[in-house]
Amino acid sequence: MRLDGASVLLTGASGGIGNAIARALHARGASVKLSARRGDVLERLREELGGAAEVVPADLADRASVSALIERAGELDVLVANAGLPATGGLDSFSPEELDRALDVNLRAPLQLARALVPGMVERGRGHVVLISSVSGKVASPNSSVYSATKFGLRAFGQGLRQDLHGTGVGVTTVFPGFISDAGMWADAGMKTPTGVGTRSPEQVANAVVKGIERNKAELDVAPLTLRAGALLAAVAPGLSARTQRLVGGVDISAELASRQADKR
Ligand SMILES: NC(=O)c1ccc[n+]([C@@H]2O[C@H](COP(=O)([O-])OP(=O)(O)OC[C@H]3O[C@@H](n4cnc5c(N)ncnc54)[C@H](OP(=O)(O)O)[C@@H]3O)[C@@H](O)[C@H]2O)c1
């Protein structure tokens, strides 16, 4: 579908990747409703984007706030479900509240938003849902069981929803970023990218979002060949994938990442 003149709800708009997606959608002529908890950060982005953008703050871990966001969002052509928590660390390190928050923000909120917004799109015969998953939605790694559960979940949801919406004029795209440089949760952690694995930029993720909507793509990877090959290995031989990750130091790297992301629980 064409983005020019389309009305879009973007969650996680205050974050590294969300900022880039907001700018890319705005540059295509869409009017973007910017959502996240930090209203001040969203307000600065709205000022940068000008007239067509609007700020609609919400806490996606709070069910009442999700319902209020749905009410406020009104009629929309596109949903970009981008908000997410890193949710790294072993399962036993999560409090029950932290576990709920990860599931709510990363998985429950995208499903609830789609449930509420898709019927209007179908009625108008035009619309698109974009789900920002991760390579962790294709490959599970040490210290990422919770994060991967949410990101694998988004992939399954996207594939199923796309089939259900076939022929309605409403498309679904799932995007799988790898390690993203410059801004966002990986860059914020200040980790060195593992040897031999390249990074991609927030702008490349944003370009994939635009491509997914305009060309109605089912799934798009935003990751170098090494990571995409790793995802393929994990799909056909998960045991070998796990052994390979242990051999290249995946346990230590992921433990260090989890400790640096602990404040984002
Ligand atoms: N960066 C990477 O390398 C990478 C790789 C693969 C996938 N991803 C995915 O890309 C998406 C964007 O991540 P990012 O890298 O841009 O991370 P980020 O900079 O940490 O941004 C996360 C976004 O989620 C929002 N958020 C967090 N908790 C929320 C809550 N309770 N309610 C509403 N919004 C909430 C944050 O906004 P507030 O704090 O203002 O609420 C922020 O806008 C995520 O789904 C992530 O899993 C990122």
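Residues numbered from 1 in each chain as written. Predicted model: local features only at pLDDT ≥ 70, side-chain atom pairs only at ≥ 80, totals over all residues. Heavy atoms only, no water.

Colleague: I'd like to hear about the pairing of strand β7 (residues 219-222), residue by residue, with values.
Modeller: Each regular strand displays side chains that alternate between the two surfaces of the sheet. With burial as the criterion, only one face of β7 is covered, namely that bearing L220 and V222; the residues E219 and D221 on the opposite face remain uncovered. Judged from the four bridges that link them, strand β6 (residues 170-177) and β7 form a sheet pairing that is parallel. Its bridge partner lying in β7, F176 is registered against D221. (Buried < 20%, exposed > 50% of the residue type's maximum accessible area, 1.4 Å probe, protein only. Helix = DSSP H or I, 4+ residues; strand = E, 2+ residues; numbered from the N terminus. Pairing = 2+ DSSP bridges.)

Colleague: Outline the sheet that holds strand β2 (residues 31-34), listing residues and values.
Modeller: Pairing in this open sheet of seven strands is parallel, and the strands run β3-β2-β1-β4-β5-β6-β7 from one edge to the other. Edge strands, defined here as strands with exactly one partner in the open sheet, are β3 (54-55) and β7. One ladder, built from six bridges, connects strand β5 (residues 127-132) with β6; its direction is parallel. Among the inter-strand pairings, L131 is bridged to a residue of β6, identified as T174.

Colleague: Run through the pattern of salt bridges, naming residues and quoting values.
Modeller: The tally for this structure, following the rule as stated, stands at 12 salt bridges. Among the ionic pairs, R2 bridges to D4, the shortest N-O distance being 3.4 Å. The class for R2 is exposed, based on a relative accessible area of 58%. We classify D4 as partly exposed; its relative accessible area is 48%. The residue R28 makes a salt bridge to E214 at a minimum N-O spacing of 3.0 Å. (Salt bridge = Lys/Arg side-chain N within 4 Å of Asp/Glu carboxyl O.)

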